[in-house]
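Analysis of the macromolecular model
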Amino acid sequence: MKVHAYAANEAKGQLSKLEYDLKDVGSNDIEIKISHCGICHSDIHLVDNALGITKYPFVPGHEIVGTVTKVGASAKRFKVGDRVGVGWQSGSCGVCEFCSVGDENLCAKMESTCVTQYGGYGDSFVVNEHFAIAIPEGMSSEQAAPLMCGGVTVYQPLRYYGIKPNMRTAVVGIGGLGHIAIQFLAAMGCEVTAISSSDNKAKEAAALGASHFISLSKEPKLDKHTNYFDFIMSTASVDLDWNAFFQALKPKGQLCLIGLNSKEITVPAAPLVFGQRTVCGSWIGSPSMIRETVEFAHRNKINVMTEQMKMDTVNAAIKKVRANEVRYRAVLTN
Ligand SMILES: [Zn+2]
Ligand SMILES: [Zn+2]
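Residues numbered from 1 in each chain as written. Chains lettered and ligands numbered in written order. Predicted model: local features only at pLDDT ≥ 70, side-chain atom pairs only at ≥ 80, totals over all residues.

1. Topic: the environment of D48
Positionally, D48 belongs in the loop between α1 (41-47) and β4 (64-71). On the basis of neighbour counts, which here come to 15 C-beta atoms within 10 Å, the residue D48 falls in the partly exposed class. Counting along the chain gives 54 residues from D48 to G102, while the straight-line C-alpha distance between them is 32 Å. In contact with D48, not counting residues within four places along its chain, are A11 and K12. (Helix = DSSP H or I, 4+ residues; strand = E, 2+ residues; numbered from the N terminus. Buried ≥ 20, exposed ≤ 12 C-beta atoms within 10 Å, placed from the backbone. Contact = placed C-beta atoms within 7 Å.)

2. As for the pairing of strand β5 (residues 83-86)
A two-sided burial pattern is seen for β5, the buried positions comprising R83 and G85 on one face and V84 and V86 on the other. Sheet topology note: the β4/β5 ladder contains 4 bridges and is antiparallel. Along β5, the bridge assignment pairs I64 with V86. Summarising the sheet, β5 and strand β9 (residues 133-134) pair through 2 bridges and their orientation is antiparallel. Considered in β9, the bridge of V84 is made with A134. (Pairing = 2+ DSSP bridges.)

3. Details of the packing of helix α2 (residues 141-160) against helix α3 (residues 178-187)
To describe two helices that pack against each other, one gives the angle between their axes and the distance between the axes. Two elements in contact, α2 and α3, have axes whose closest approach is 9 Å; the angle formed by their N-to-C orientations is 40 degrees. Viewed along their axes, α2 and α3 adopt a mutual orientation that is oblique. With respect to the hand of their crossing, α2 and α3 are arranged in right-handed fashion. Residues G150, G151, V154, Y155 and L158 of α2 form the contact with α3, whose participating residues are I180, A181, F184 and L185. Partitioning the contact of α2 with α3 into residue classes produces 7 nonpolar, 2 polar and no charged. (Axes fitted to C-alpha atoms, helices over the stretch in contact; angles between N-to-C directions. Parallel < 35°, antiparallel > 145°, perpendicular 65-115°, else oblique. Left-handed = near helix turned anticlockwise from the far one by under 90°. Nonpolar A, V, L, I, M, F, W, Y, C, P; charged D, E, K, R; others polar.)

4. Description of the domain arrangement of the chain
When its domains are assigned, the chain resolves into domain 1 (2-134 + 304-333) and domain 2 (153-282). A separation of 29 Å is found between the C-alpha centroids of domain 1 and domain 2. Counting from both sides, the interface comprises 6 residues of domain 1 and, opposite them, 5 residues of domain 2. (Domains from an automatic or database assignment.)

5. What about the nonpolar core?
Core analysis: the largest hydrophobic core is formed by 92 residues, its most contacted members being M148, V171, A181, I182, I232 and M233. Domain assignment of the residues forming this core places at least three in each of domain 1 (2-134 + 304-333) and domain 2 (153-282). Leave out the neighbours within four places in its chain, and A181 touches V154, V171, M233 and T235. (Core = buried A, V, L, I, M, F, W, Y, C linked by C-beta atoms within 7 Å.)

6. Description of α2
When the terminal C-alpha atoms of α2 are compared, their 27 Å separation across 20 residues agrees well with the 28 Å that a helix rising 1.5 Å per residue should span. A bend of about 60 degrees at L147 is the largest found in α2. Burial of α2 is extensive: 17 of the 20 residues sit out of reach of the surface. (Expected span 1.5 Å × (residues − 1). Bend = angle between axes of the 7 residues up to and from the residue.)

7. Topic: unusual backbone geometry
With an omega of 0 degrees, the peptide bond between Y56 and P57 qualifies as cis. With omega at -15 degrees, the peptide bond leading from R327 into Y328 counts as cis. Its place among the elements puts Y328 in the loop between α8 (314-322) and β17 (329-333). Backbone geometry at N227 places phi at a positive 55 degrees, although glycine is not the residue there. Counting through the fold element by element, N227 comes out in the loop between β12 (212-215) and β13 (229-234). Using a count of 12 C-beta atoms within 10 Å as the deciding quantity, one classes N227 as exposed.

8. Some thoughts on the packing of α2 against helix α7 (residues 287-299)
Running from N to C, α2 and α7 point in directions that differ by 100 degrees, and their axes come no closer than 8 Å. With respect to α7, the axis of α2 lies roughly perpendicular. Along its contact with α2, which presents A144, L147, M148, G151, V152, Y155, Q156 and R159, the element α7 presents M289, I290, T293, V294, F296 and A297. Taken together, the residues of the contact of α2 with α7 sort by class into 10 nonpolar, 3 polar and 1 charged.

9. Considering the pairing of β4
Relative to β4, strand β3 (residues 29-39) runs antiparallel, the two sharing 7 bridges. Opposite H36, over in β4, you have V65 as the bridge partner.

Printed below as a string of structure tokens:
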């Protein structure tokens, strides 16, 4: 069977049509007819070969949602017709110390949905069923797609770093990741402060569940919030005044970086030593963490703000994402 996909043929290039043979459905695999695929910023970094790992032709796409069309002989989780999603990861070794405790996203032999093979900007995909996520009835495919990567990327650190309902938390950046993180933290019962460089996002932050708003243009040093936060998540795509952020953490507070946006941060030693503060990071999540993300989002009526665009308008969609004009996650549809 032929897959009809969209591929970049050079760094920063436009995507054009690519036809290739769908791989055989192995005994533990399922075949998926793709209905939706989110556009994640990492897709664009990969199109641009910003990480130096892109092979061309390159088919992006790792926020896949679709319907199961074929089931391998030993695959047991799904049947034809089920709605499933696939995120960044599509395989792992299965036996290392991380895989064996369900931390597959830390496996050194991880396979990526769109790096080691052609990704989800197409009409079909084959994946080991272990890396497919059931989409609950009542959750739209458009809502589900961005949860596969963006959603779990902000959910996993909240679980891993032990967020509790009494905590004072902050999210830096109100965008594709930040607008989901604010809702998750509010649903967990935390006090949430949205921190943004744009003054005009206060209303929107409040609507998402933030009880406070800090404009970095008005309070660049966070000096009214010294020793205030238990947990700050940075989704910012620019370097921040890290010293100010450390001063804003309470003793034992954690500053968590997600995504690949910050290149390097300088860590001031004193607030780490005297207050036992931590700087940490997180990326994507295991299949079980994606399942939990989806269930949590569904039960708590998290509203991922999306814009749907047809798969054949992919170049226009990418242009819009590059220009930061999408509120907040673009989802391609077949
Ligand atoms: Zn992603
Ligand atoms: Zn492994």
